[in-house]
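# Breakdown of the fold
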Amino acid sequence: MATTADIKNGVVIEYNNDLYQVIDFQHVKPGKGPAFVRTKLRNIRTGKVLDNTFSAGHKITTARVEQRPHQFIYKDDMGYNFMDMNTFEQVTLNEAMVPFADLMKEGQEVTILFHAETETPLTCEIPPFVELTITYTEPGIKGDTATNASKPAIVETGATIQVPLFIGQDEKIKVDTRTYSYAERVK
């Protein structure tokens, strides 16, 4: 058993007979009344995000999870197939367990969370930044705008990302997978 003082981003807790990962939390101490902790919890099985408030000192149950490195191999009608980097065993995850799947390319290294007691895969986490090549984008016209504007670009995985006007086709860019946005050019 843990308390609300142990809540951190990324911690997996058991709540309402299901597993939730803490996405964001904020400890609030109002001037009047008891302290509390506001959290954003993501259901590991469904991916839904809910807001919840715990009173300070509330007992929570943390789930034991293990992070294991895997490599994305391919996608088929069964789901996404990954290979364990240490044992070379293959794991198949359905689409609901793989957020931001359209930013993954074959050979991409990811981290898969496993429930320690049941050895079942829970979710897949891709790195915070991925490098992708733009396959199609409209050419940007100089003097088109007064402020920093963006245009849609299709990357090699098929995802559409908003990029600045100076980015052209066949350029490599770094994409932030947490915000689904352009980060920088890759040299």
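Residues numbered from 1 in each chain as written. Predicted model: local features only at pLDDT ≥ 70, side-chain atom pairs only at ≥ 80, totals over all residues. Heavy atoms only, no water.

What follows is about the overall build of the protein chain. What the protein chain contains, in helices and strands, is zero helices and 16 strands. In summary, the protein chain has a C-alpha radius of gyration of 20 Å against a globular reference of 16 Å for 187 residues, an excess of more than 25%. Seen along its three principal axes, the alpha-carbon backbone of the protein chain occupies a region of about 55 × 50 × 25 Å. Across the 187 residues of the protein chain, 35% fall into the buried class. When contacts within the protein chain are restricted to residue pairs at least 6 apart in sequence, long-range pairs at least 24 apart make up 44% of them. (Helix = DSSP H or I, 4+ residues; strand = E, 2+ residues; numbered from the N terminus. Rg over C-alpha atoms; globule rule 2.2 N^0.38 Å. Buried < 20%, exposed > 50% of the residue type's maximum accessible area, 1.4 Å probe, protein only. Contact = heavy atoms within 4.5 Å.)

Our focus in this paragraph is the environment of Ala159. Mapping Ala159 onto the fold places it in the loop between β13 (150-155) and β14 (160-164). Under the relative-accessibility criterion, Ala159 is labelled buried at 2%. Between the C-alpha atom of Ala159 and that of Val49, which follows or precedes it by 110 residues, the distance is 22 Å.

Our focus in this paragraph is the confidence of the model for the protein chain. Of all residues in the protein chain, 97% have pLDDT values of 70 or greater, and the mean over the chain is 89. Ranking the elements of the protein chain by mean pLDDT puts strand β11 (residues 121-125) last with 87 and strand β15 (residues 172-176) first with 94. (pLDDT = per-residue confidence, 0-100.)

Turning our eyes to something else, we now look at the sheet that holds strand β10 (residues 109-115). Read from one edge of the open sheet, five strands run β9-β8-β7-β10-β11, paired in antiparallel fashion. Of all the strands in the sheet, the pair left with one neighbour each is β9 (90-93) and β11. Taking the axes of each pair of neighbouring strands and ignoring which way they run, one obtains an average angle of 40° across the sheet. Where strand β7 (residues 65-76) lies against strand β8 (residues 79-84), six bridges are found, and the strand directions are antiparallel. Paired with Lys75 across the strands is Tyr80, a residue of β8. (Pairing = 2+ DSSP bridges. Axes fitted to C-alpha atoms, helices over the stretch in contact; angles between N-to-C directions.)

Right, let's get into the layout of surface pockets. In this approach, a probe sized like a water molecule rolls over the atoms, and the result shows the empty space that is left. In this structure, the largest pocket spans a volume of roughly 350 Å³. Surrounding the largest pocket, Gln21, Arg42, Pro99, Phe100, Thr111, Cys124, Glu125, Ile126, Pro127, Pro128, Thr177 and Arg178 form its lining. In terms of residue class, the lining of the largest pocket is built from six nonpolar, three polar and three charged. (1 Å grid on protein atoms, 1.4 Å probe; cavity = no way out; pocket = protein on both sides within 12 Å on 5 of 7 lines; lining within 4 Å. Points joined across faces, edges and corners; volume = space filled by probe spheres on them. Nonpolar A, V, L, I, M, F, W, Y, C, P; charged D, E, K, R; others polar.)

This brings us to the nonpolar core. Most often, soluble globular proteins have nonpolar side chains that are buried together. Among the nonpolar cores identified, the biggest contains 27 residues, and Phe82, Leu93, Val98, Leu103, Met104, Val163 and Ile173 are the most heavily contacted of them. Elements with a contribution of two residues or more to this core: β8, β9, β10, β12 (129-137), β13, β14 and β15. Sequence-distant contacts of Met104, that is, excluding residues within four places in its chain, are made with Phe72, Tyr80, Phe82, Val98, Val110, Ile126 and Thr157. Formed by nine residues, the second largest nonpolar core is a distinct cluster that contains Ile7, Ile13, Val37 and Phe54. (Core = buried A, V, L, I, M, F, W, Y, C linked by side-chain atoms within 4.5 Å.)

Within the structure shown, the criterion is met by eight salt bridges. In this structure, Glu117 engages Arg64 in a salt bridge whose closest nitrogen and oxygen atoms are separated by 3.6 Å. Separated by 53 residues along the polypeptide, Glu117 in the loop between β10 and β11 and Arg64 in the loop between β6 (59-62) and β7 bring together distant segments of the chain. We note that Glu117, like Arg64, is exposed. Across the salt bridge formed by Glu171 and Arg185, the nearest N and O atoms sit 2.9 Å from each other. (Salt bridge = Lys/Arg side-chain N within 4 Å of Asp/Glu carboxyl O.)

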